[in-house]
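Here's the letter readout for the chains.
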Amino acid sequence: EAGVAQSPRYKIIEKRQSVAFWCNPISGHATLYWYQQILGQGPKLLIQFQNNGVVDDSQLPKDRFSAERLKGVDSTLKIQPAKLEDSAVYLCASSLGAPSNTQYFGPGTRLTVL
Amino acid sequence: AQSVTQLGSHVSVSEGALVLLRCNYSSSVPPYLFWYVQYPNQGLQLLLKYTTGATLVKGINGFEAEFKKSETSFHLTKPSAHMSDAAEYFCAVSGDGNNRLAFGKGNQVVVIP
């Protein structure tokens, strides 16, 4: 079974530029999550989708971050414009959706904002 | 809101010695508890989880954890550390209905030969 795929793996941009990350979840997983992991910290949930609807985006900085999950499969997370403090690893995860279900994580995208 | 506390960001252990990583949680609902491991430049991999039933949970790579409701703890142990156990370990809690995971800050484990 294929795991969660993410691209790109690494991205370096200047502040005020824009960037987009892509995620393809495990086939059949209705729930998709985006996490931000700052160096030395645990992952923090940014947004959670159930199929193509948003369940929780309370911690998403909506003035600069946006995300979509068209057709309830792939998802894209965008930052525009980027700030220095956005430097982090962005992790995508998917699950079947129940609270006891395991979330399976992709390898992440490491973003460096200069 | 649910939360997790992991003390001691860096943990050094000798090869062959006991690995003990402490996790305490806060939750207003019955929790689901998880331990994940993260190797350099990789995503998180599930080690084990507690949902219901037996409070002693066995996971991959010889790790186990015990859910103690009275102590609000879910400590991770492995009897004998191996060099390949060097990684970062995260405890997480969910159970609020939306399956959002709240992670601790993690423990970076260093195994000394």
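Use the structure listed above.
To keep things clear, this report deals only with the structure shown in the data block.

Notes on the pattern of salt bridges
(1) Moving on: Applying the stated criterion to the full structure yields five salt bridges over all chains.
(2) Moving on: Where Arg100(B) meets Asp56(A), a salt bridge forms, and the shortest distance between an N and an O atom there is 2.7 Å. One end of the pair, Arg100(B), is in the loop between β10 (87-94) and β11 (102-103); the other, Asp56(A), is in strand β6 (residues 53-56), on a second chain.
(3) Moving on: Assessed through its relative accessible area of 29%, Arg100(B) is described here as partly exposed.
(4) Moving on: Accessibility expressed as a relative area gives 8% for Asp56(A), which makes it buried.

Overview of the interface of chain A and chain B
(1) Moving on: Between chain A and chain B, the contact holds 26 residues from the first and 22 residues from the second.
(2) Moving on: Taking both sides of the interface into account, the surface hidden between chain A and chain B amounts to around 1,700 Å²; carbon and sulfur atoms contribute 49%.
(3) Moving on: Looking only at chain A, the three residues that lose the most surface to chain B are Pro99(A), Ser100(A) and Phe105(A), adding up to 29% of its buried area.
(4) Moving on: Where chain A packs against chain B, one counts one salt bridge.
(5) Moving on: Viewed at the interface, chain B and chain A are joined by six residue pairs in polar contact (both at pLDDT 80 or more).

Quick notes on the side chain of Gln2(B)
All names here are of chain B.
(1) Moving on: Relative to the helices and strands, Gln-2 resides in the segment before β1 (3-5).
(2) Moving on: Look at Gln-2 and you get buried, because its relative accessible area is 16%.
(3) Moving on: Here the side chain of Gln-2 touches Ser-94 through a polar contact of 3.2 Å, landing on its backbone oxygen.

Digging into the pairing of strand β9 (residues 88-95) of chain A
Residue and element names in this part refer to chain A.
(1) Moving on: Of all the eight residues making up β9, eight are buried; the element is thus mostly covered by neighbouring parts of the structure.
(2) Moving on: Residue alternation in β9 divides its side chains into two sets, Ala-88, Tyr-90, Cys-92 and Ser-94 and Val-89, Leu-91, Ala-93 and Ser-95, and both sets are buried.
(3) Moving on: Looking at chain direction, strand β4 (residues 31-37) and β9 are connected through seven bridges and run antiparallel. For Leu-32, the partnering residue across the bridge sits in β9 and is Ser-94.
(4) Moving on: Inspection of the sheet shows β9 paired to strand β11 (residues 109-113) by three bridges, in the antiparallel sense. When the bridges of β11 are listed, Val-89 appears paired with Arg-110.
(5) Moving on: As paired strands, β9 and strand β10 (residues 104-105) are joined by two bridges and run antiparallel to one another. Its bridge partner lying in β10, Ala-93 is registered against Phe-105.

So, how was this worked out
- Residues numbered from 1 in each chain as written.
- Chains lettered and ligands numbered in written order.
- Predicted model: local features only at pLDDT ≥ 70, side-chain atom pairs only at ≥ 80, totals over all residues.
- Heavy atoms only, no water.
- Salt bridge = Lys/Arg side-chain N within 4 Å of Asp/Glu carboxyl O.
- Helix = DSSP H or I, 4+ residues; strand = E, 2+ residues; numbered from the N terminus.
- Buried < 20%, exposed > 50% of the residue type's maximum accessible area, 1.4 Å probe, protein only.
- Contact = heavy atoms within 4.5 Å.
- Buried area = accessible area lost by both parts, 1.4 Å probe.
- Polar contact = N/O pair within 3.5 Å; in protein donor to acceptor, adjacent residues only side chain to side chain.
- Pairing = 2+ DSSP bridges.

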